[in-house]
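Geometric and topological summary
Here is how the chains run, residue by residue.
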There are 2 protein chains.
Amino acid sequence: MIKPPHPPYRVVLAGAGKVGTCLLERLAHVSDSLAESGVRFRLVAVAELGGAAVDPAGLEPEVLVKLIRDGRPIWTLPRQGQPSMQALDVLQNVEADVLVGATPTEHTRSSIGFRLTCAALHRGWDVVLADKGPLAIAYHELAGLASVGPNYPITPGRPTIQFSAATAGALPIVSLGRSLVGCTIQSIEGVFNGTSHLILGLMELGADFQSALGEAQQQGKAETDPRLDVDGWDAAAKLVIVANAVLDARVSLSDVAIEGISGVTAADLKAARTREHRIIPLAQCRRANGGWSLVVRPTAVPIRHALAKLDPTDLGVAFTTDQVPRLVASTTETGAGSAAIAVLRDLVAVAQARMIIRN
Amino acid sequence: MIKPPHPPYRVVLAGAGKVGTCLLERLAHVSDSLAESGVRFRLVAVAELGGAAVDPAGLEPEVLVKLIRDGRPIWTLPRQGQPSMQALDVLQNVEADVLVGATPTEHTRSSIGFRLTCAALHRGWDVVLADKGPLAIAYHELAGLASVGPNYPITPGRPTIQFSAATAGALPIVSLGRSLVGCTIQSIEGVFNGTSHLILGLMELGADFQSALGEAQQQGKAETDPRLDVDGWDAAAKLVIVANAVLDARVSLSDVAIEGISGVTAADLKAARTREHRIIPLAQCRRANGGWSLVVRPTAVPIRHALAKLDPTDLGVAFTTDQVPRLVASTTETGAGSAAIAVLRDLVAVAQARMIIRN
């Protein structure tokens, strides 16, 4: 193979949970095929709670995966492990090109995700986020510091924030929405939370809310603390990000009317069914009074509705526009695996763009 | 408004049929909003059979639309009209940055679409194609002359060919497929031809093939000569483009096993229905013997299949991969309108990229 002519794109990963681990697996798996197209990554640091692993010459993703699968912290890695080095310290002490933010979502400015994002941008690094928090609370502030989002032109001398993984994993909602150039979008509707969708699906088969939640947890498809999901906050954060990125709606979480699914009963689902409707955990952004109305709420929709046709294990989105009456997309929700694919997609896109700009 | 800092991106349009006319309408409609984001187009020539309209200082899209709607040839335009100037002459005599190819699809190297594409690339212009012909017959030859396709890095000093409108109009099939970086795609299945899908839908309601075709023609949803559609060639051309662009399958039209829908009977549809199946005009690309098997054929699929859930007025695609079990997208087929949106999307993407490269 001919030696690629470009220096590797240096990656710092913050968060070695499910998404981070899946990303490390993918990076190990695809590095050869990416190198053929001239894209090379060098993983220079991974930070988690309690410590980090750092090597300017490059960490081996597969070695880290093995360590994590063995239940050991990454900072126990011989030579490269840095016990008690915090993620923010890593950002100050390592030279890199991009931060991948895969820390747990929190909707506060004091969250580690928000602080890391700001620190990376101030260093001029690109940022690829799986964490929804920073964008849900401060989309426009971050857009002032960087070009934002999937498919946005990546410009020289200015960092970019990409966030495919912060909407609905493998489903490229934002780039789909932005592909509707020249159309006036009238509404964006989505089923953005897999846990809520699965629970309502199980309840349609006869389970009550608690036992459906229990089964979803047993399948590994609901968190031990499922509140962000079943109370609607996860879907609302995604809706805010999509509305800002696609519609430039300039909204934040407090603009969303949110109702979780815990009040839905088996009788409600059955009554809907007899009217040829289905109750789905709908996230909806529609034009209203010159602005936008944002709602997340379990909603009865006709069974002919594109989102009513989804399987309970799917996520989906439907755009309505003046020119293209309907554009719909859906995917099987596989949690961390899909999110890792979305992060990888962003990393490749930014690395390629930076390669061209350097040419 | 601040004057945009970039020179306009100069466009030559070949073909002033339905797609060309819709594109002119869209260009007139969106020019102000695009200018706000720094993208300006200057339409320097439009060519159709019998003549052209040319103006290096820029034609007014809305004036051309009015002329066409009045049933008059564009070369009758005062001052700017050039009776009997052929499209190939326009390419030799005009300075521009991009050719939009919206001439009727023909699957031959002697077609005007193929000759224009080659001529534009040799002049170093970018090419945006609505015409499927050149890509269906010579994808890899064209890829040798230019970077190819939606979302591909647009590099300095080398023209690009973009072709969102050559697959399924508003549905960004190729960019969806390419978003699955890091996944191994096992199959791509699609309903790529709107006429065939609508006819089978009407037949499910009881019509025979001929009367369904007649109704589709009356609705303006089938061509007077519907053979490219109902015989499977249109879907096959799209399948070839998708297989090459997403899978690098290196196939051409002759590699597709093609069967049209004219042999399907109402009895076949009913029999499928009793088995909880639907017959859809399926285009399918699957791994087989180390290569790819490409088939276009009316196929009975289970009613739970994502493509069986489509409305007869929809087009759709479903990807199956090792990492993301399923990624599905669909849109309402609106013919020329959707194609024009797809052309505009490509034009904006290339113009933005060229703007950044010039920076």
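Along each chain, residue indices are assigned from 1 in the same order as the chain's sequence is written. Lettering for chains starts from A, numbering for ligands starts from 1, and both go in the order in which the items are written. Restriction of local features to residues with pLDDT of at least 70 applies here, the model being predicted, together with a cutoff of 80 or more for giving and counting side-chain atom pairs; totals for whole chains, interfaces and linings are based on all residues. Note that the side-chain values use all heavy atoms of the structure and ignore hydrogens as well as water.

1. What about the confidence of the model for chain A?
For every residue, the predictor reports its confidence as pLDDT, a number between 0 and 100. Residues of chain A with pLDDT of at least 70 account for 98%, and the chain-wide mean is 92. On the interface metric, ipTM, the complex scores 0.92, and its pTM is 0.93.

2. Quick notes on the relation of the copies chain B and chain A
Each copy of the sequence occupies a distinct position, and chain B is placed on chain A by a rotation of 180° and an axial shift of 0.0 Å, giving an RMSD of 0.0 Å. The symmetry that links the two subunits is that of a two-fold axis. Closest approach to the rotation axis within chain B is made by the C-alpha atom of Ala-329 of chain B, at a distance of 2.0 Å. Two residues form a contact once any of their heavy atoms are found within 4.5 Å. When the interface residues of chain B are mapped onto chain A, 100% of them are again interface residues, pointing to one common binding face. For this overlay, a least-squares fit was computed on C-alpha atoms, restricted to residues scoring pLDDT of at least 70 in both copies.

3. A few points about helix H1 (residues 18-36) of chain B
All names here are of chain B. If you check H1, its first and last C-alpha atoms are 28 Å apart, about what 19 residues at 1.5 Å a residue would give, namely 27 Å. Val-30 marks the point of greatest bend in H1, at about 55°. Looking at H1, one finds that the buried residues are Val-19, Gly-20, Thr-21, Cys-22, Leu-23, Leu-24, Arg-26, Leu-27, Val-30, Leu-34 and Ala-35. The way it works is that DSSP assigns letters per residue, a run of H or I at least four long becomes a helix, a run of E at least two long becomes a strand, and they are numbered from the N terminus. Remark: Gly-38 follows H1 within two positions and exhibits a positive phi of approximately 90°. What a helix is expected to span follows from its residue count: subtract one and scale by 1.5 Å. At any given residue, the bend is defined as the angle formed between two axes, one fitted to the seven residues that end at that position and one fitted to the seven that begin there. The buried label goes to any residue with under 20% of its type's maximum accessible area, the exposed label to any with over 50%, and the partly exposed label to all in between, with areas taken from a 1.4 Å probe on protein chains only.

4. Looking at the side chain of Gln-284 of chain A
All names here are of chain A. Mapping Gln-284 onto the fold places it in strand E11 (residues 277-288). Given a relative accessible area of 17%, Gln-284 falls into the buried group. Among the polar contacts listed, one links the side chain of Gln-284 to the side chain of Glu-189, at a separation of 2.6 Å. Each residue touching Gln-284, except ones within four places of it in the same chain, is listed here: Ile-188, Glu-189, Leu-239, Ser-293, Leu-294 and Val-295. Throughout this description, a polar contact denotes any pair of N or O atoms lying within 3.5 Å of each other; where both atoms belong to protein, one of them has to be capable of donating a hydrogen while the other can accept it, and for residues adjacent in sequence the pair is counted only when both atoms sit in side chains.

5. Remarks on the pattern of salt bridges
All names here are of chain B. For salt bridges, the criterion is a side-chain nitrogen of Lys or Arg within 4 Å of an Asp or Glu carboxyl oxygen. Under the defined criterion, the tally for this structure stands at 38 salt bridges over all chains. A salt bridge links Arg-286 to Glu-189; the shortest N-O distance between them is 3.7 Å. Linking Arg-286 in strand E11 (residues 277-288) with Glu-189 in strand E9 (residues 185-191), this pair joins segments that are 97 residues apart in sequence.

6. Description of unusual backbone geometry
A positive phi angle, near 65°, is found at Arg-79 of chain A, a position not held by glycine. Along the polypeptide, Arg-79 of chain A turns up in the loop between helix H2 (61-69) and strand E4 (81-83). Positioned with a positive phi, Arg-250 of chain B is a non-glycine residue whose angle comes to about 55°.

7. Observations regarding the packing of aromatic side chains
Residues and elements named next belong to chain A. Two rings from Phe, Tyr or Trp (for Trp, the six-membered ring) form a pair when their centres are within 6.5 Å of each other. A pair whose planes differ by under 30 degrees is stacked, one over 60 is edge-to-face, and the rest are tilted. Summed over the entire model, instances satisfying the criterion amount to 4 aromatic pairs over all chains. A centroid spacing of 6.1 Å and a plane angle of 85° characterise the contact between Tyr-139 and Phe-163, whose relative ring orientation is edge-to-face. Remark: Phe-163 occurs in the loop between strand E8 (160-162) and helix H6 (173-178) and Tyr-139 occurs in helix H5 (residues 133-145); sequence separation between them is 24 residues. With respect to burial, Tyr-139 and Phe-163 carry one shared label: buried.

8. Observations concerning the environment of Gly-201 of chain A
Mapped onto the fold, Gly-201 of chain A is located in helix H7 (residues 194-204). With 43 residues separating them in the primary sequence, Gly-201 of chain A and Arg-158 of chain A have C-alpha atoms 45 Å apart.

9. Considerations on the packing of helix H7 (residues 194-204) of chain B against helix H11 (residues 266-274) of chain B
All names here are of chain B. Interaxial angles span 0 to 180 degrees and are taken between N-to-C directions of axes, which are lines fitted to C-alpha atoms, for helices over the stretch in contact. For the pair H7 and H11, interaxial distance at closest approach is 9 Å and the crossing angle is 80°. As judged from the angle between their axes, H7 and H11 are roughly perpendicular. Of the residues in H11, those in contact with Leu-200, Met-203 and Glu-204 of H7 are Ala-266, Leu-269 and Arg-273. With respect to orientation, any angle under 35 degrees is reported as roughly parallel, any angle over 145 as roughly antiparallel, any angle of 65 to 115 as roughly perpendicular, and every other angle as oblique.

10. So, the pairing of E11 of chain B
All names here are of chain B. In terms of residue burial, E11 counts as a mostly covered element, since 9 of its 12 residues are buried. Both E9 and E11 contribute to a ladder of 4 bridges, which runs antiparallel. Counted as the bridge partner of Glu-189 is Gln-284 from E11. When E11 meets strand E12 (residues 291-302), the two strands line up antiparallel, connected through 12 bridges. For two strands to be treated as a pair, DSSP must find at least two bridges joining them.

11. A look at the pairing of strand E5 (residues 98-101) of chain B
All names here are of chain B. On E5, burial covers both faces: Val-98 and Val-100 on one face and Leu-99 and Gly-101 on the other are all buried. As paired strands, strand E1 (residues 9-14) and E5 are joined by 4 bridges and run parallel to one another. Along E5, the bridge assignment pairs Ala-14 with Gly-101. Here E5 pairs with strand E6 (residues 126-129) via 4 bridges, running parallel. Residue pairing for E6: Leu-99 is matched across the bridge by Val-127.

12. Digging into the sheet that holds strand E14 (residues 327-332) of chain B
What the 12 strands build is an open sheet, ordered E10(A)-E12(A)-E11(A)-E9(A)-E13(A)-E14(A)-E14(B)-E13(B)-E9(B)-E11(B)-E12(B)-E10(B); its pairing is mixed. A single partner strand is all that each edge strand has here, and the edge strands are strand E10 (256-258) of chain A together with strand E10 (256-258) of chain B. With direction set aside, neighbouring strand axes in the sheet form an average angle of 20°. Those strands touched by H7 of chain A are strand E9 (185-191), E11 and strand E13 (314-321) of chain A, and its axis lies near 145° from that of E11 of chain A. Against the sheet, H7 of chain B makes contact with E9, E11 and strand E13 (314-321) of chain B, and its axis sits at roughly 145° relative to E11 of chain B, the strand it touches most.

13. Side note on the interface of chain B and chain A
The interface is formed by 37 residues belonging to chain B together with 37 residues belonging to chain A. In this description, buried area is defined as the sum, over both parts, of the accessible area (probe of 1.4 Å) that is lost when the two are combined. When the area that chain B buries against chain A is broken down by residue, the three leading residues are Val-181, Arg-326 and Ile-356 of chain B, summing to 17%. There are 8 salt bridges connecting chain B and chain A. Between Asp-314 of chain B and Arg-326 of chain A there is a salt bridge whose closest N-O contact spans 3.3 Å.

14. A closer look at the sheet that holds strand E2 (residues 41-48) of chain B
All names here are of chain B. The strand order across the open sheet formed by 8 strands is E4-E3-E2-E1-E5-E6-E8-E7, and the pairing between neighbours is mixed. The two strands at the open ends of the sheet, each matched to only one other strand, are strand E4 (81-83) and strand E7 (147-148). When E1 meets E2, the two strands line up parallel, connected through 6 bridges. In the strand pairing of E2, Val-12 is matched with Ala-45. Lying over the sheet, H1 contacts E1, E2 and E5, oriented at roughly 170° with respect to E2.

15. Details of the nonpolar core
Val-12 and Phe-163 of chain A together with Val-12 and Phe-163 of chain B are the most contacted members of the largest nonpolar core, which totals 140 residues. Discounting residues that sit within four places of it in the chain, Phe-163 of chain B has contacts with Leu-129, Leu-135, Tyr-139, Val-148, Gly-149, Pro-150, Val-174, Ile-241, Ala-245 and Asp-346 of chain B. In these notes, a set of buried Ala, Val, Leu, Ile, Met, Phe, Trp, Tyr and Cys residues joined through side-chain atoms within 4.5 Å is what counts as a nonpolar core. Ranked by size, the runner-up nonpolar core spans 42 residues in total, among them Leu-13, Leu-23, Leu-67 and Leu-77 of chain B.

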